Every structure is written in C-alpha cells, then in structure tokens.
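# Examining the three-dimensional arrangement
Letter by letter, the chains look like this.
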Number of protein chains: 2
Amino acid sequence: MEFRLIDRIRERTAQGREDVRLGIGDDAAVVAPPAGQELAIAVDTMVEGVHFPHGTDPADIGWKVLAVNLSDLAAMGASPAWALLALTLPRQPVAQVQQFIDGFADGFTQLAQPHRLALIGGDTTSGPLSVSVAVHGFVPPGQALVRGGARAGDVVLVTGTLGDAAAGLRLLQSGARVTEDARAAYLIERLHRPTPRLQAGLALRGRATACIDVSDGLLADLGHICEASALGAELEASLLPRSPMLLGSFDDVASLNFALAGGDDYELCFTVPPSLVAEVQGDLARLGCGATRIGRMVEGAGVRVRDEQGQWLESNHRGWDHFA
Amino acid sequence: MEFRLIDRIRERTAQGREDVRLGIGDDAAVVAPPAGQELAIAVDTMVEGVHFPHGTDPADIGWKVLAVNLSDLAAMGASPAWALLALTLPRQPVAQVQQFIDGFADGFTQLAQPHRLALIGGDTTSGPLSVSVAVHGFVPPGQALVRGGARAGDVVLVTGTLGDAAAGLRLLQSGARVTEDARAAYLIERLHRPTPRLQAGLALRGRATACIDVSDGLLADLGHICEASALGAELEASLLPRSPMLLGSFDDVASLNFALAGGDDYELCFTVPPSLVAEVQGDLARLGCGATRIGRMVEGAGVRVRDEQGQWLESNHRGWDHFA
C-alpha cells in the first residue's frame, strides 16, 4: 500500500524543479545543490491529539506541517527548495485513507506551490496519526540568521501580530459557536493556516543580529535568543502587536497573555541595531507583514515585560499581569 | 522539555564534521554541501507495535532506524553525511524518558560513528512511540544507482544472506526460549541490528545497472526493479544465499519462504551485465559481505522462482513451494 499512497501524494504535489534529479519512487531522492550555497535543514512533527485536535481537516494538517517547517527556514533567512514527508496513518478503509491523502496533499500543495517547494521523498507507515516533514532551503555562506548574535542595545521586533493562533485554539476548545463570527474565523484561520514569513527572513539577512520564529510563544522563543546571546530582553506590553480580531474577541488581560505566551504564531522575532530599525521596518511593511518594535536587548538574562506605568509584569496562575 | 531532550541527544551523538556549519540548537541546521556532488536523501519511520515490538531495547531502535535509512543510501551508491531525527515519545516519568533517550542515542551512535554521520537536527514531541530519520549522502553527478536501469540478460545478485531477519522475528514471536541458542541469537541480531551495505553500494557505482535494498522481501523489492525497468526476473531457489544459522533453525520450505518473502534483511539486490559479474563478486567478497548470483533479468514482467528440477514455484497459503 505504501507504494500506491506515496504515488498518490506525488501526483498531487507535483512541482517541477531542475535541481531534482530523482524524486519520489526510488530508495532515495537525488538533488543537485546550487554551487556556493549552504543548506538550511529543519524537521518538525505534528501528532494528532497533541499538535492538532482529532477531526482536524486533513488540508489544514497538510498546510500547517509544511508552514511550521517553512517558518524555521524563514527564521534562518533561507529560501525553500525541497521537502521530505513521513506520514503515519491509522489502518482504516481505503476510501478514508485516500480522502485523507487527497486533502492533506491539497493543503500541502497550496502552500508549497507558490514557494516552488518540491516534495522529493516520503515514507508512509501505519500507526497513530502523525506527520513529520523535513525541509531544505538555500542560504549564502555565513549569512544564515542565528539565535546567538544579539547585542545589548539591539531593538527587538516582531512581524505581524501575536496571540491570534492561541486565541483561535481557545475558541475551538471552548465549544463556542464560531462559524458565523468573522473575528473568530480569522483567529482560527491563523491557527490552522499560519503564514511562514519567508520573504521577511530573506529581507533580514545581513541586518538582523538574531532571529527565531515564534512557535512556543514570544516569551519562550525570545528566551532562546537571550540564552544563545547571553543577554536579557525587556519588552513593553503596550507595544505588542495585537490584531483587531484578537482585541475584539478577548479582554486586555487575556489577549496580552495570548500575545506573550501563546504559541503557534509563526511570526519572526528578531533583533537589529537601532540604526537599522527604520529601514528594516520600511522593507517589511512593503512585504505586507510589517514589523513592530516591542523592546530591546539588555545585559542580564531572561525576558521581562513592563506595563504602561513602568511596572514589571509577573507570571501567576492567571498568566501574566500586574498582580503578582 | 523538548530543548533539554534534544540537547541530551546531541551530547550523546556528537560527531565532528567540517561541513556542518550549525548543528542542533537553532531553528534549522546549516550545512555546506561539497562542490560537484549530488545529494541522496531518504526518510524512514519506525512505529512501536508496527515495526518493532513493545519493549524493544531502545539501543536496538536507535541502531535500526538509522540502519534502515543508511541502507537506502547504500542502495543509491551514496556515502552518508548528515541525519535528522524526529522522535515521538509517550508522556512518562523523566527518568524513563532519559533512559530511553540514552539507550536510543547509544545505539544510533554505534552505527553513526564509524560512518562519520552527524546528527544535525531533530524534533522531539509527545505521542505514541515513533521514530523518523532522514539521511543525506553524497554521490557524484549522474552516478546514483537507480531501480530502472536493468537490461534483459543482466545477472541478478544479492549481498550477504536472505531470510535471517524474518526468521529472527518468527523466533521472537513464537515465544521460544532463545536466549541460550547461538543460532537464534544470530538471527535475532540480524533482525535488530541490520548492517547497511554502504561499502558495497559504493563499489557498485558505474557497474550495477539497477539496485535496491531488500526491506520488504526479495520478491517485492526485486519486483520494484522489474517494474521500474519494464522487465521480468527469473530466480533459482537453490541459489538463494541462506545462512547456516537459518538452515539450522528452520526446514527447507520455511527458510526458503523467509529468503523469498521475509523483509528486514537490508541486503542489496542488484543487476549487472554478465561480463562484470566475476569482477563485482570479487570486490564484494573483499568487502566482507560477498554477492551471490541468484537469477537473471528477462523480457516480460514480474519475478518467477524455479526449483532445482526446473519447476516454477507458486505462491499459496503456505508461502512459496512446489504445490500450487
């Protein structure tokens, strides 16, 4: 069955690339990397019941597992080229398997095609539903954006808006009737169909001193930049970019918590020297995602968040707020 | 937890390679492919309860999931360089997780180190136990061994011996007391710790017209060569290489069936023009695995097997034998 399944996926995801010498269907794929480029390679897995709820639309799964990986390439400043897929599916009637495969492949392809990403290899096995994708992208030698290059005084920025995906998940889990609410639909779309900031990542090459994608939540991910750069960061709560849809659906405390600690945004959080902020913001605005300055890197360790009165917020059982 | 786990894996699998610019610990790994080489890339997943029984030694899982992938590179004639790991582990007490990780990493490293394979990236998630590995190897342009190049009249050969792993699995599943039986121990070792035929794959470059690794069983895998080459194959049952340990543990019918249809051998099955057979056999004998001629490629389709009396064997409910 594996052979047929992977053929079906191949047909539905076909993407011609001259550098693919041999695609799906042999013991391995063969590709020709471009001369003088380095390869950025990332892998991410999504498991049913952990990363997406039972009953999630297969097309959303296909889109998201690729988006999560492309987001890693975006955070490195790499341009995508090839992907591998490891798909584990429960044993079920053939018609159901085909329906899943077709939906999955369609969602995957919708995101892959505009980026000319080719699916070059895959493995399908039976077992509890889980999807693992590895992606390969190109980056000029020494120009990959890393986590560890931030300097004290650098400005911290983030693309797009924060907290939408976590708010979408909360709405889904709440059992609220959301189908006719345009704001809720937007937030859930942000959860299921995140946009990897690939163009932004390319624009940051040579300018961002550190970069990461926000997958686990801003505090956690900026914390990785702090740790890798041996610095701390100070954020202004009032500066965190929150969408009108988020602010219209949740109160200030809840939306701030989604923006600080909610995961699955797949925006880029990065640091640039103060002298480059305006230029970078201009470029990212032209790319459509924008970039908001939210704080700065400081000597020390860890991420601290200040409210409008200059009070440090603290984490407690309700999340992050003024009352420790 | 993910961060710590992957750090633990990184420490235990450390392998210096100059072409790894950035290993585990950022959004993606960054590597510098060698100029003028193509990359062969393969991915394989192993799921608990499907590809290995519950309770399998983590070190055996670590070895085997890498072996299965390296075997794909061997079948392409590629030399291994880098690997990615996607590991899904059930939620359990930290001590158990660490014990699994340590064992897994040890088994993985035992096989990775002699091949100078570097683990450059990984993702750990919670969920039902499953392991997916992707490997990257180098091959000179146009020299990858493929499935589709066999010609009528080519000789079919196979490295090592066939059927051992399937026999080992049968022994494990039978509940037989096997711990003190050296033959059984050998067969089970072949199941848990297959040897990827990487050196043999390199030796076959430019000489084998088609090559595949025997993962699903000889008939199925040689069938892929037939299909891709638009040919058939005729095998001689008496020529199939079977180990003394296999022949000492199972009768002729059972051992023949393991050799024909048992999977998990990870030997190479390949085709060469008659004029090159002796030379290739000599080289592979020097590499330690040897290569046995088992049949030839013919016009037609599918794989047929002949017994010593020249009768075609047929498949029935007992497997392959003389009585259709």
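Residues numbered from 1 in each chain as written. Chains lettered and ligands numbered in written order. Predicted model: local features only at pLDDT ≥ 70, side-chain atom pairs only at ≥ 80, totals over all residues. Heavy atoms only, no water.

### Some points on empty space enclosed by the protein
The condition that has to hold: Points on a 1 Å grid, built from protein atoms alone, make a cavity when a 1.4 Å probe fits but cannot get out and make a pocket when they are open with protein on both sides within 12 Å along at least 5 of 7 lines; residues with an atom within 4 Å of a point are the lining residues. Grid points are joined across faces, edges and corners, and a volume is the space filled by probe spheres set on the points. Strands are runs of DSSP state E lasting at least 2 residues, helices are runs of H or I lasting at least 4, and numbering of each runs from the N terminus. Ten residue types, Ala, Val, Leu, Ile, Met, Phe, Trp, Tyr, Cys and Pro, are classed as nonpolar, four, Asp, Glu, Lys and Arg, as charged, and the remainder, Gly among them, as polar.
In this structure the tally under the stated criterion is 3 cavities of 30 Å³ or more. Reported here for the largest cavity is a volume of approximately 70 Å³. Residue lining of the largest cavity: 14 residues in total, with Val 43 and Ser 132 of chain A together with Val 43, Ser 132 and Ala 134 of chain B positioned closest to the centre. Secondary-structure elements contributing two or more residues to the lining of the largest cavity are β4 (79-89) and β6 (130-139) of chain A together with β4 (79-89) and β6 (130-139) of chain B. Considering only residue class, the lining of the largest cavity consists of 12 nonpolar, 2 polar and no charged. Here the second largest cavity defines a volume of roughly 50 Å³. Thr 45, Ala 86, Thr 88, Ser 130 and Ser 132 of chain A together with Thr 45, Ala 86, Thr 88, Ser 130 and Ser 132 of chain B are the residues that line the second largest cavity.

### Quick word on the UniProt feature "binding site: Mg(2+) 3" (unreviewed entry) in chain A
The condition is simple: UniProt positions are given in the numbering used here, feature names are shortened, and annotations may be inferred rather than shown by experiment. Classification of residues uses two cut-offs on accessible area relative to the type maximum, computed with a 1.4 Å probe and protein chains only: under 20% is buried, over 50% is exposed, and between them is partly exposed. Any pair of residues with heavy atoms lying within 4.5 Å of one another is described as a contacting pair. Polar contacts, as counted here, are pairs of nitrogen or oxygen atoms within 3.5 Å of one another; within protein the pair requires one atom able to donate a hydrogen and one able to accept it, and residues that are adjacent in sequence qualify only if both atoms are side-chain atoms.
Mapped onto the present numbering, the UniProt feature "binding site: Mg(2+) 3" (unreviewed entry) falls at Asp 27, Asp 72 and Asp 213 of chain A. With the annotated positions falling across 187 residues, the maximum pairwise C-alpha distance of 33.1 Å shows that they are not confined to a single cluster. Topologically, Asp 27 of chain A is positioned in the loop between β1 (20-22) and β2 (29-31). By relative accessible area, Asp 27 of chain A is classed as buried at 6%. In this structure, Asp 27 of chain A is in contact with Ala 42, Asp 72, Ala 75, Met 76, Arg 147, Cys 211, Ile 212 and Asp 213 of chain B, ignoring residues within four places of it in sequence. Polar side-chain contacts of Asp 27 of chain A include one of 3.3 Å to the side chain of Arg 147 of chain B. By the secondary structure assignment, Asp 213 of chain A is in strand β8 (residues 210-213). Sequence-distant contacts of Asp 213 of chain A, defined by excluding residues within four places in its chain, comprise Val 68, Ser 71, Asp 72, Ala 75, Asp 221, Tyr 266, Glu 267 and Leu 268 of chain A together with Asp 27 of chain B. Separated by 2.7 Å, the side chains of Asp 213 of chain A and Ser 71 of chain A make a polar contact.

### A few points about the packing of aromatic side chains
Residue and element names in this part refer to chain A. As a reminder of what qualifies: When the centres of two rings from Phe, Tyr and Trp lie within 6.5 Å, Trp using its six-membered ring, the rings pair. Their planes under 30 degrees apart give stacked, over 60 give edge-to-face, and anything left gives tilted. Charges are assigned to positions over rings by a cutoff of 6 Å between ring centre and Lys NZ or Arg CZ, combined with an angular limit of 35 degrees from the ring normal.
Summed over all chains, the structure comprises 8 aromatic pairs over all chains. By the ring-pair criterion, three or more aromatic residues cluster together here, those being Phe 100, Phe 104 and Phe 108. Positioned above the aromatic ring of Trp 312, the side-chain terminus of Arg 304 is 3.7 Å from the ring centre.

### Re the environment of Val 139 of chain B
In this fold, Val 139 of chain B is placed in strand β6. Expressed as a C-alpha distance, the spacing of Val 139 of chain B and Leu 39 of chain B, which sit 100 residues apart in the sequence, is 6.2 Å.

### Quick word on unusual backbone geometry
Note: most peptide bonds trans; most residues except glycine with negative phi. Of note in the backbone geometry, Asp 264 of chain A takes a positive phi value of approximately 70 degrees without being a glycine. Within the secondary structure, Asp 264 of chain A is located in the loop between α9 (252-261) and β10 (268-272). Despite not being glycine, Tyr 266 of chain B shows a phi value in the positive range, around 55 degrees. Of note, Tyr 266 of chain B is situated in the loop between α9 (252-261) and β10 (268-272). On the accessibility criterion, Tyr 266 of chain B (6% relative accessible area) is buried.

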